[in-house]
Amino acid sequence: METINIFETKEKNTKKGIKESFPVTGMTCASCAASVESVLKHTEGVFDASVNFANSSVLVEYDKELSPNQLQNALREVGYDIIIDAEDPSEVQQELQQKHYQDIKNRTIWSAILTLPIFVLGMFFMQWEPGKWISLVLTFPILFWFGRSFFINAFKQAKHGKSNMDTLVALSTGIAFLFSVFNTFFPEFWLNRGIEPHVYYEAATVIITFISLGKLLEEKAKSNTSSAIKKLMGLQPKTLKIIENGEEKEIPISSVQVGQTILVRPGEKIPVDGEVSKGSSYVDESMITGEPVPVQKSQGEKVFAGTVNQKGSFQFTAEKVGGETLLSQIIKMVQQAQGSKAPVQKLVDKIAGIFVPVVLGISIVTFIVWMSLGGDNAFSQALLTSVAVLVIACPCALGLATPTAIMVGIGKGAENNILIKDAESLELGHKVNAVILDKTGTITEGKPLVTDIFWKDKLEDINEYKKVLLAIEAQSEHPLAEAVVNHLKDENIEKAEIASFESITGKGVKAQTENGSPYYVGNHKLMLEKNIQIDASLMQTAESLEEQAKTVIFFGNEKQVLAILAIADKIKETSKMAIATLQERGIEVYMLTGDNNKTASAVAKQVGITNYQGEVMPSDKAAFVEKLQADGKIVAMVGDGINDSHALAQANVSIAMGKGSDIAMDVAKMTLITSDLQSIPKALELSKRTVLGIRQNLFWAFIYNIIGIPIAAGVLYPVNGFLLDPMIAGAAMAFSSVSVVANSLRLKRVKL
């Protein structure tokens, strides 16, 4: 098992006993998670249990005398399970989740296929006698095989004294089915009383099919929540090379110990946290800092797991291994932040939890009232009205209210280069009143470019000097050299021939051409050290460029500076306009960056941001998000790097730039395909429109029930003798669903 595995069941002795993490299977909703937690907490010998529904795991603190098998048996009794004694529990769980998703998909497809003929028979051939028997045969597998999970989950909820959407689906479809079966086998019971015996198979099967589709979409979104964690784990190599008794030896990463000397070659990932003991190199730390320029590492410098070594080899001493590394901490924090979220469907489940007992109560009261006051046909009228109440109060419209609006909203987002993962971001987007922007790759392009080259006045043969400069920078290992090379190549400059090349650590490089002339490329210190004259106007320009937070490189021969080059991470053209749009809407905009304060200040000034911080670590970004949340803000975090992943997971709404890292995109609930920041105001506007659609749908679904249920119960009978036929109730139910879908589709015509 890999050391960094988030599901690794490492035993940790506590004051009370052992703490262990186990993957859980069989959970389908947030109330399932509560049930698992409750069962384990009430198991003798368990001190505490905490379920993380996002990654389907449970952290259990239990007595040393208790075995994991006893925990497993306690959960199996109520229909859940935990994975123990597996070589890789997370892999086993992933396979089971995939199997579960495939099972729901198959059930939804088959339900739809079998429902179609039932619907046609029920709507257009209701008087055809054989049609009832055909419908009965087709309905049975839809309800009790493909839709069995609704009945099983409803039973689980009932055992714990709770009710949710599954309860409503199971009751309405179950009663409609039983009533239809009775009418199919004993039609004379109603015919003898002068009543037409209708069947409602199509109502029951349509409900199962529609709600199954919603469950399928929900399960797909949930199955993707752990992919970011898996990719973060993939940043750490499985093996590493240690130096032992002067010899190189390859060992698994799980075997590395603190204090061992580790060798890292060019292009390799650094396996654990430590301190450089020998050699030097440039290390790409963008996964930690978000900054595109690799950092020079020499003796005494710290290195971190998951970062990538560039061109040189070095040795370092392991200081933090396993779960102690910075990468492991990022994984743990992302995992915890993801687990703290609740989907919008939970709101509908809460509503349904109140709605179900109310409807059941109305149905029972309706039956009792009609039995008391119904006269000669008391029983038939009591049964018909109570069933009509249950059928008309069917949760189809309620169940479709959220998913249809979300589906249309997601489609509308895709048209506008906004990929939306789930309902949660759409639910909260319109409430956002604080937006945090990463600098590099979000406000800026994310790669260093040569912005300016200033040559000394009255200089001849500039093209020849450009050839020399290109030749020198092409041999340099400095990260900024690549920007110079790319810039000169764009001018179609050819390289000169270099006779010798020497790197001057921390200052620059020296090179000699074939005719023996020496040239220098480096910082101001190098020019002063070599007594190279700098023209006053060039020095003034260099100081001005540095004030703009640009890196200045000097190029000269042994006598004078020939040119200065300014390198910077260019601000995107649309960033300023997008930030102004957000501020006009009353949204506070903050900028956080791992870059130095001088650069942060210059960029913030250019784009009109007054709230900014420089030299910010990944954990500081997440802490800043938490601070704003504690102040009552609904926070949107926008970033593009692995370093942003913890803050993205912590934010109420997380938005990744499409050209950023896969991990940032996986953690984020929204991804902008374009690098244009103007998509952010569009995304928040889309959220506002979608939430409005959801609210309208829920409003109409409830208004329909508020009007329909009393009519089904027979309140109009004393006035005009009207009793609602359950068949009409079924049609009204279908109409309510159509109206909800139609209202959701209006969102397609909205301009963002």
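Residues numbered from 1 in each chain as written. Predicted model: local features only at pLDDT ≥ 70, side-chain atom pairs only at ≥ 80, totals over all residues. Heavy atoms only, no water.

As recorded in an unreviewed UniProt entry, the chain goes by P-type Cu(+) transporter and comes from Galbibacter marinus. What UniProt records for the chain under Sequence similarities (unreviewed entry) is the sentence "Belongs to the cation transport ATPase (P-type) (TC 3.A.3) family. Type IB subfamily." Among the UniProt annotations of the chain, the heading Catalytic activity (unreviewed entry) holds the following wording: "Cu(+)(in) + ATP + H2O = Cu(+)(out) + ADP + phosphate + H(+)". (UniProt positions renumbered as here; feature names shortened; annotations may be inferred.)

Caption draft 1: Here's a closer look at the overall build of the chain. Within the chain one finds 28 helices and 27 strands. Out of the 752 residues belonging to the chain, those deemed buried represent 52%. Across the chain, every contact between residues at least 6 apart in sequence was considered, and the portion connecting residues at least 24 apart equals 67%. When the accessible surface of the chain is totalled, it reaches about 34,100 Å², and 54% of it is carbon and sulfur. (Helix = DSSP H or I, 4+ residues; strand = E, 2+ residues; numbered from the N terminus. Buried < 20%, exposed > 50% of the residue type's maximum accessible area, 1.4 Å probe, protein only. Contact = heavy atoms within 4.5 Å. Areas by Shrake-Rupley, 256 points an atom, 1.4 Å probe, with all protein chains shown as cover.)

Caption draft 2: Representation of the confidence of the model for the chain in the model. Across the chain, pLDDT averages 81, with 84% of residues at or above 70. Taken together, the stretch residues 1–15 has pLDDT below 50 and engages in 47 contacts with residues farther than four places along the chain or on a different chain. Confidence drops under pLDDT 50 across residues 337–342; counting only partners more than four residues distant or on other chains, this segment forms 16 contacts. (pLDDT = per-residue confidence, 0-100.)

Caption draft 3: Spatial organisation of the packing of aromatic side chains. Inspection of every chain in the model, using the stated rule, returns 17 aromatic pairs. Plain terms: the ring middles of Phe182 and Phe186 are 5.4 Å apart, the flat faces sit at 50° to each other, and that makes the pair tilted. By relative accessible area, which is 42% here, Phe186 ends up partly exposed. Judged by centre distance (5.4 Å) and plane angle (80°), the rings of Phe182 and Phe189 are edge-to-face. On the accessibility criterion, Phe182 (31% relative accessible area) is partly exposed. An aromatic cluster is defined as three or more aromatic residues linked by ring pairs; in this entry it consists of Trp133, Phe182, Phe185, Phe186 and Phe189. Here the basic side chain of Arg148 rests over the ring of Trp145, its NZ or CZ set 4.0 Å away from the ring centre. (Phe/Tyr/Trp six-rings, centres within 6.5 Å; stacked < 30°, edge-to-face > 60°. Lys NZ or Arg CZ within 6 Å of the ring centre and 35° of its normal.)

Caption draft 4: Fine view of helix α18 (residues 481–490). Among the residues of α18, those classed as buried are Ala481, Ala483, Val484, Val485 and Leu488. Where α18 is buried, its residues touch β17 (444–455), α17 (462–475), β21 (551–557) and β22 (561–571). Just beyond α18, the residue with positive phi is Asn492, at close to 60°.

Caption draft 5: Representation of the sheet that holds strand β10 (residues 281–284). Taken in spatial order, the 3 strands make up an open sheet running β11-β10-β13, and their pairing is antiparallel. Of all strands in the sheet, those bounded by a partner on one side alone are β11 (295–297) and β13 (308–309). (Pairing = 2+ DSSP bridges.)

Caption draft 6: Summary view of the pattern of salt bridges. By the definition in use, this model includes 19 salt bridges. Here Asp103 ties to Arg148 by a salt bridge, and the two come within 4.0 Å at their closest N and O atoms. Of this pair, Asp103 sits in helix α3 (residues 89–124) while Arg148 sits in helix α5 (residues 148–159), and the two are 45 residues apart along the sequence. A relative accessible area of 23% places Arg148 in the partly exposed class. The salt bridge involving Lys467 is made with Glu464; its shortest N-O contact spans 3.6 Å. Here the residue Lys467 and the residue Glu464 both occupy positions in helix α17, the gap between them amounting to 3 residues, near one helical turn. (Salt bridge = Lys/Arg side-chain N within 4 Å of Asp/Glu carboxyl O.)

Caption draft 7: Expanded view of the sheet that holds strand β20 (residues 518–522). If you walk across this open sheet you meet the 6 strands as β17-β22-β21-β20-β19-β18, and the pairing is antiparallel. Each edge of the open sheet is held by one strand with a lone partner, namely β17 and β18 (498–504). Taking the axes of each pair of neighbouring strands and ignoring which way they run, one obtains an average angle of 20° across the sheet. Pairing analysis gives 5 bridges linking strand β19 (residues 508–513) to β20, with the strands arranged antiparallel. Bridge pairing in β20 places Val509 opposite Val521. Helix-sheet contacts for α17 involve β17, β18, β19, β20, β21 and β22, and the interaxial angle to β20 is about 65°. (Axes fitted to C-alpha atoms, helices over the stretch in contact; angles between N-to-C directions.)

Caption draft 8: Geometry of the pairing of strand β2 (residues 18–25). Of all the 8 residues making up β2, 7 are buried; the element is thus mostly covered by neighbouring parts of the structure. Examined bridge by bridge, β2 and strand β4 (residues 57–62) share 6 bridges and lie antiparallel to one another. Counted as the bridge partner of Glu20 is Val60 from β4.

Caption draft 9: Main features of the packing of α17 against α18. Relative orientation of the contacting elements α17 and α18 amounts to 140°, with a least axis distance of 9 Å. In terms of their interaxial angle, α17 and α18 are classed as oblique. Crossing geometry of α17 relative to α18 is assigned as left-handed. In contact with Lys466, Leu469, Leu470, Glu473 and Ala474 of α17, α18 contributes Ala481, Val484, Val485, Leu488 and Lys489. (Parallel < 35°, antiparallel > 145°, perpendicular 65-115°, else oblique. Left-handed = near helix turned anticlockwise from the far one by under 90°.)

Caption draft 10: Representation of the environment of Ala602 in the model. If you trace the backbone, Ala602 turns up in helix α22 (residues 597–607). By relative accessible area, Ala602 is classed as buried at 12%. C-alpha separation for the pair Ala602 and Ala549, spaced 53 residues apart in sequence, amounts to 6.0 Å.

Caption draft 11: Inspection of the UniProt feature "transmembrane region" (unreviewed entry) in the chain at higher detail. UniProt annotation of "transmembrane region" (unreviewed entry) refers to residues 108–127, 133–155, 167–186, 198–217, 351–373, 379–402, 698–717 and 723–745 when read in the numbering used here. The span residues 108–127 is 85% helical and 0% strand by assignment, and the distance between its end C-alpha atoms comes to 29 Å. The distance from the first to the last C-alpha atom of residues 698–717 is 29 Å, and the span holds 85% helix and 0% strand.

Caption draft 12: Region of the structure containing the nonpolar core. Ranked by internal contacts, the top residues of the largest apolar core, which has 38 residues, are Val435, Leu437, Ile443, Ile609 and Ile680. In terms of residue count, the dominant contributor to this core is helix α26 (residues 679–713) (6 residues). Ignoring sequence-local partners within four residues, the contact set of Ile680 consists of Leu437, Leu582, Val638, Ile655 and Leu672. (Core = buried A, V, L, I, M, F, W, Y, C linked by side-chain atoms within 4.5 Å.)

Caption draft 13: Looking closely at unusual backbone geometry. For Lys458, which is not glycine, the phi dihedral falls at a positive 55°. Residue placement: Lys458 occurs in the loop between β17 and α17. The residue Asn531 is not glycine, and still its phi comes out positive at about 55°. Given a relative accessible area of 65%, Asn531 falls into the exposed group.

Caption draft 14: Molecular detail of the side chain of Glu685. Here Glu685 lies in helix α26. On the basis of relative accessibility, which here comes to 17%, the residue Glu685 falls in the buried class. Setting aside residues no more than four positions away along its own chain, Glu685 makes contact with Arg585 and Leu752.

Caption draft 15: The arrangement of the packing of helix α21 (residues 575–584) against α26 in detail. Orientation of α21 relative to α26, taken along the N-to-C sense of each, is 35°, at an axis distance of 8 Å. Only Ile680, Pro681 and Leu684 of α26 make contact with α21, whose side of the interface consists of Ala578, Thr581 and Leu582. Here the contact of α21 with α26 is built from residues that sort into 5 nonpolar, 1 polar and no charged. (Nonpolar A, V, L, I, M, F, W, Y, C, P; charged D, E, K, R; others polar.)

Caption draft 16: Expanded view of the environment of Gly446. On the secondary structure map, Gly446 appears in strand β17. For Gly446, a relative accessible area of 23% translates into the label partly exposed.

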